Amino acid sequence: MKCTKCGTENPQGSQFCQQCGARLEDEFAAQNGAGASPSGQAAGLSEDEVAFIGVKQDYYQYSFFKMRTTNNKVSWNWCAFFVFPYWAVYRKMYKEAVIYIVGTWGLRILLNSVYPGFVIELLAGLFGNWLYMRHVDTHTIAASGMPQLEKEAYFAKFGGVSSANVWILLAITVGASIIWGIIAGMFFGFFSMLY
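Read on for a plain summary of the structure. (Residues numbered from 1 in each chain as written. Predicted model: local features only at pLDDT ≥ 70, side-chain atom pairs only at ≥ 80, totals over all residues. Heavy atoms only, no water.)

Section: unusual backbone geometry
Link 1 in the chain: Of note, Lys 56 is a non-glycine position whose phi angle comes to about 65°, a positive value.
Link 2 in the chain: Positionally, Lys 56 belongs in the loop between α2 (47-53) and α3 (57-70).
Link 3 in the chain: Phi angles above zero are rare outside glycine, and Lys 92 is one such case at about 65°.
Link 4 in the chain: Looking at the secondary structure, you find Lys 92 in the loop between α4 (78-90) and α5 (94-111). (Helix = DSSP H or I, 4+ residues; strand = E, 2+ residues; numbered from the N terminus.)

Concerning α5
Note that an α-helix has 3.6 residues per turn; residues three or four places apart therefore point the same way.
Link 1 in the chain: The first and last C-alpha atoms of α5 sit 26 Å apart over 18 residues, in line with the 26 Å expected at 1.5 Å per residue.
Link 2 in the chain: All buried positions along α5 are accounted for by Glu 96, Ala 97, Tyr 100 and Thr 104. Down the axis of α5, the sector holding all buried residues measures 105°, keeping them to one side. In α5, the exposed positions angled more than 90 degrees off the buried face are occupied by Lys 95, Val 98, Ile 99, Val 102, Ile 109 and Leu 110.
Link 3 in the chain: Looking one or two places after α5, you find Asn 112, whose phi comes out positive at around 50°. (Expected span 1.5 Å × (residues − 1). Buried < 20%, exposed > 50% of the residue type's maximum accessible area, 1.4 Å probe, protein only. Arc of directions from axis to C-beta.)

Observations regarding the side chain of Asn 77
Link 1 in the chain: Take Asn 77: it is sitting in the loop between α3 and α4.
Link 2 in the chain: Relative accessible area serves as the criterion here: at 4%, Asn 77 is assigned to the buried category.
Link 3 in the chain: With near-sequence residues (within four places) excluded, Asn 77 lies in contact with Tyr 59, Tyr 60, Trp 87, Gly 125 and Asn 129. (Contact = heavy atoms within 4.5 Å.)

Some points on α3
Link 1 in the chain: Between its first and last C-alpha, α3 extends 20 Å over 14 residues, near the 20 Å set by a 1.5 Å rise per residue.
Link 2 in the chain: Turning to α3, its buried residues are Tyr 60, Gln 61, Ser 63, Phe 64, Phe 65 and Met 67.
Link 3 in the chain: Remark: Asn 71 follows α3 within two positions and exhibits a positive phi of approximately 55°.

A word on the pattern of salt bridges
Link 1 in the chain: On inspection of all chains with the given rule, the structure shows three salt bridges.
Link 2 in the chain: Between Asp 48 and Lys 151 there is a salt bridge, with its nearest N and O atoms 3.1 Å apart. Taken together, the residues span a long stretch of sequence, with Asp 48 in helix α2 and Lys 151 in helix α7 (residues 148-158) at a distance of 103 residues.
Link 3 in the chain: Arg 68 is the salt-bridge partner of Glu 49, the closest N and O atoms lying 2.6 Å from each other. Of the two residues, Glu 49 is situated in helix α2 and Arg 68 in helix α3; the sequence distance between them amounts to 19 residues.
Link 4 in the chain: Several salt bridges converge on common partners, so that one network encompasses Glu 49, Arg 68 and Asp 137. (Salt bridge = Lys/Arg side-chain N within 4 Å of Asp/Glu carboxyl O.)

Structure follows, in structure tokens:
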């Protein structure tokens, strides 16, 4: 099947162009008069995925396309590497943020070392885009049979981004660090009095 976007000849039955990532069924529909899909879909995202992702569609179009066509879960994300929990709550991936925070802090406390935390940070950078793709897929599939207004409300609740979530998590993190510092100071102060 020939891609009308870039002209590359693709094997019959391909969903995406191997060269530019265009969704070939949309190209086929355009060739046969059914009309092309909205922008965003042309680079491998469905209309629901475009609506769900919201901000930074271009970046995720490319990342998702590469992961889907190569069947590879690795796709580097700098935000996920440096500030995974904040990036995750910004993208409304609350469960992933909690698992990351508990796992990182737990390992650092248990092993009294920063290295296990660094390993988790590295893994977050490598697999952050895949986790987000799973998040998008889960919710777009769940919403696929909904009426349009209900789907829009669902996407507003679980999709898009939320800067407020980042500030809330930052406040929680700072508060938890202060409380942990006070508790640790009291604990070590008590034992220093015993000696």
